[in-house]
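# Breakdown of the fold
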Amino acid sequence: MAKKQEKEITVEDKLKTLYSLQQKLSEIDSIKILRGELPLEVADLEDEIIGLDTRIKKHEAELKESETTVSQQKQKAKDSALKIEKYKEQLDNVRNNREFDHLSKEIEFETLEIELSEKRTREFGQESKNLAEQIEKSKAFLEERKLDLAQKKDELEGIVSETKQQEEELREEVKNVETQVEPRLLHAFKRIRKSARNGLAVVCIERGACGGCFNKIPPQKQMDIKLGKKIIVCEYCGRIMIDPELIAPAD
Ligand SMILES: [Zn+2]
C-alpha cells in the first residue's frame, strides 16, 4: 500500500467516498419508504376536503336562492288571491257587460297566475329538498374525511418525529460528503442514482456480476474493478461498480 504522502485524491478514495455517500442516501431513502404513501395520502385528503367544502358552499348558496324563490312565489299567489277576491266583490256591482268581461278576464288571468306560482313553488320546493339532502350527505362525508385526515396526519407525524433527527443528521452528513466529491463526478453520481430504480448508483460486484442488475461482467473488467484505478460503470445499467474488498472494514 502506498503511503499517503501526496495530497492527490486517488480513484480508490473517490470510490470510497461515493460509496459512503450512497450509503447515507440509501438510509434516507429507507426513512422515506417507512413514511410510504402517507405524505401523499395526507395531501390527497386535504385536497378532497377543500373540494367538498367548496361544493357544500355552492349548494348552500343555491339552496338559499331556491328558498327565496319559493317564498316569492307563495307571496305572488297570495297577492293574486287577494286581487281575485277584490274583483269578485266588484262583480257584484257591475254596471255593464264590458265591465263584467273585463273583471272576468282579470279573474281568469290571476287564477292562471296562482296555478303558475303553485307549480313553481312545488318545483323549487323539491329542488330545495334535494339540495338540503345533498348538503347533508356532503357534510357527513366531509366529517368522515376530516377524521381520516386527522388519523393519517397523526400517523405521519409519529413516524416523522421518530425519524426526523436521524434524517436531519444524515442530510448534514450527505452535504459534508458531497463537498468531498468533484462536481462533475457528483453530477454523474446523482444522474445514475436518479435513473436507478432502487436509488443505488454505486454497487459492489458479486460473484462476477453487477450488484445492481446482476449481469455478468467480462473478466478483464472485473480485473480493472479490482485494481480500482479508474471508475467503471456497468454497461447494462450504468451503475458505478466497486470491489467489495475496497469497502471492507480495514484491519
Ligand atoms: Zn448493472
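Conventions adopted
Throughout this description, residue numbers start from 1 for each chain and increase along the sequence as written. Reporting of local features is limited, given that this is a predicted model, to residues whose pLDDT is at least 70; pairs of side-chain atoms are given and counted only at 80 or more, and all residues count toward the totals for whole chains, interfaces and linings. Water and hydrogen atoms were dropped before computing side-chain values, which therefore reflect all heavy atoms in the structure. Metal donors: N, O and S atoms at distances within 2.8 Å, or within 3.2 Å for Na, K and Ca, with water omitted from the atom set so that some sites may seem incomplete. The geometry test gives tetrahedral to four donors whose angles all lie between 85 and 135 degrees, gives square planar to four donors and octahedral to six donors whose opposite members are over 155 degrees apart with all other angles between 65 and 115, and gives irregular to the rest. Each helix is a run of DSSP H or I of at least 4 residues and each strand a run of E of at least 2, with the numbering of both proceeding from the N terminus. Axis definition: a line fit to C-alpha positions, over the contact stretch in the case of helices; interaxial angles, taken between N-to-C directions, run 0 to 180 degrees. Oblique is the label for any angle not covered by the other classes, which are roughly parallel (under 35 degrees), roughly antiparallel (over 145) and roughly perpendicular (65 to 115). Helix crossings get a hand from a simple test, with the near helix turned counterclockwise from the far one by less than a right angle marking a left-handed crossing and a clockwise turn marking a right-handed one. What makes two residues a contact is simply this: any of their non-hydrogen atoms within 4.5 Å. Under this grouping Gly is polar, as are all residues other than the nonpolar Ala, Val, Leu, Ile, Met, Phe, Trp, Tyr, Cys and Pro and the charged Asp, Glu, Lys and Arg. Either an automatic procedure or a domain database provided the assignment from which the domain bounds are taken.

### So, the coordination of the zinc ion
Coordination of the zinc ion by the protein is provided by Cys 210 (SG), Cys 213 (SG), Cys 234 (SG) and Cys 237 (SG), with metal-donor distances spanning 2.2 to 2.3 Å. Geometry at the zinc ion is tetrahedral, judged from its 4 donor atoms and the angles of 105 to 116° they form at the metal. Spacing between the donor residues of the zinc ion along their common chain follows C-x2-C-x20-C-x2-C. Residue Cys 213 is located in the loop between strand S2 (209-210) and helix H5 (219-227), and its partner Cys 234 is located in the loop between strand S3 (232-233) and strand S4 (240-242); the two are separated by 21 residues in the primary sequence.

### Focus: the packing of helix H1 (residues 11-35) against helix H4 (residues 183-195)
For the pair H1 and H4, interaxial distance at closest approach is 12 Å and the crossing angle is 40°. Judged by the angle between their axes, H1 and H4 are oblique. H1 and H4 meet at a crossing whose hand is right-handed. In contact with Lys 14, Leu 18, Leu 21, Gln 22, Leu 25 and Asp 29 of H1, H4 contributes Leu 185, Leu 186, Phe 189 and Arg 193. Split into classes, the residues belonging to the contact of H1 with H4 amount to 6 nonpolar, 1 polar and 3 charged.

### A closer look at the packing of H1 against helix H3 (residues 97-178)
Between H1 and H3, whose axes approach to 9 Å, the crossing angle comes to 165°. The angle between H1 and H3 falls in the class roughly antiparallel. Two packed elements cross with a definite hand, and for H1 against H3 that hand is left-handed.

### Digging into the domain arrangement of the protein chain
Split into domains, the protein chain comes out as domain 1 (2-34 + 182-246) and domain 2 (36-162). A separation of 67 Å is found between the C-alpha centroids of domain 1 and domain 2.

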